[in-house]
Amino acid sequence: MTNKSVTLQAHKLSADIPSGYCPYCGSRVHVLSSHMQSDLIRDSYVECNNKRCGHRFVLQISFIHTVEEPKFFEISLNLPKSPKLKARQNDN
Ligand SMILES: [Zn+2]
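What counts, and where the lines are drawn
Residues numbered from 1 in each chain as written. Predicted model: local features only at pLDDT ≥ 70, side-chain atom pairs only at ≥ 80, totals over all residues. Heavy atoms only, no water. Helix = DSSP H or I, 4+ residues; strand = E, 2+ residues; numbered from the N terminus. Buried < 20%, exposed > 50% of the residue type's maximum accessible area, 1.4 Å probe, protein only. Contact = heavy atoms within 4.5 Å. Donors = N, O, S within 2.8 Å, 3.2 Å for Na, K, Ca; no water. Pairing = 2+ DSSP bridges. Axes fitted to C-alpha atoms, helices over the stretch in contact; angles between N-to-C directions.

The chain carries the name Transcriptional activator Ogr/delta in an unreviewed UniProt entry, which gives Zymomonas mobilis subsp. mobilis as its organism.

Below you can see the structure in the form of structure tokens.
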């Protein structure tokens, strides 16, 4: 097993399911189930906590870019970097 696969597996295990809010009534939602679309995209099937509303929908969490690189991983996943991070690294 390579370092990269170990890191990605650790991420999957520790990936907490994000919470969100119902777009109809604004109440918090709870997760019914979730699955990874890819290493960087997760779909969560959620239900509104407001019993009178009952809206069920899918939330998707996706990686956009790195804002601050991790301090203790020696491998590079070659992920996109934020414009500010790129500018900072080009200054050094
Ligand atoms: Zn609702």
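Right, picking up where we left off after that structure.
*Asks:* Looking at this model, I keep getting lost on the environment of Phe63. Mind explaining?
*Replies:* Residue placement: Phe63 occurs in the loop between strand 3 (56–62) and helix 2 (83–91). Taking the relative accessible area as the measure of exposure, Phe63 reaches 30% and is therefore partly exposed. A sequence separation of 22 residues divides Phe63 from Ile41, and the C-alpha atoms of the two residues are 6.6 Å apart. Other than its neighbours up to four places away in sequence, Phe63 contacts Leu40, Leu79 and Pro80.

*Asks:* Whenever I open this one, the coordination of the zinc ion confuses me. Can you help?
*Replies:* Protein-derived ligands of the zinc ion are Cys22 (SG), Cys25 (SG), Cys48 (SG) and Cys53 (SG), with the metal-ligand distances lying across 2.3 to 2.4 Å. Written as a sequence motif, the donor arrangement for the zinc ion is C-x2-C-x22-C-x4-C.

*Asks:* Mind showing me how you'd approach the sheet that holds strand 3 here?
*Replies:* In a beta sheet, neighbouring strands are held together by backbone hydrogen bonds and run either parallel or antiparallel to one another. Strand order in the open sheet formed by three strands is 1-2-3, with antiparallel pairing between adjacent strands. Two strands close off the open sheet at either side, each with one partner strand: strand 1 (29–38) and strand 3. Going from strand to strand, the sheet's axes swing by 25° on average, the running direction of each strand aside. One ladder, built from eight bridges, connects strand 1 with strand 2 (residues 41–48); its direction is antiparallel. Bridging across to strand 2, Met36 finds its partner in Arg42.

*Asks:* Please explain the pairing of strand 2 as it appears in this structure.
*Replies:* Taken residue by residue, a regular strand's side chains alternate between the two faces of the sheet. Within strand 2, six of the eight residues are buried, which leaves the element mostly enclosed by the surrounding structure. The turn linking strand 1 back onto strand 2 is made up of two residues. Note that strand 2 and strand 3 share seven bridges and pair antiparallel. Among the inter-strand pairings, Ser44 is bridged to a residue of strand 3, identified as Leu59.

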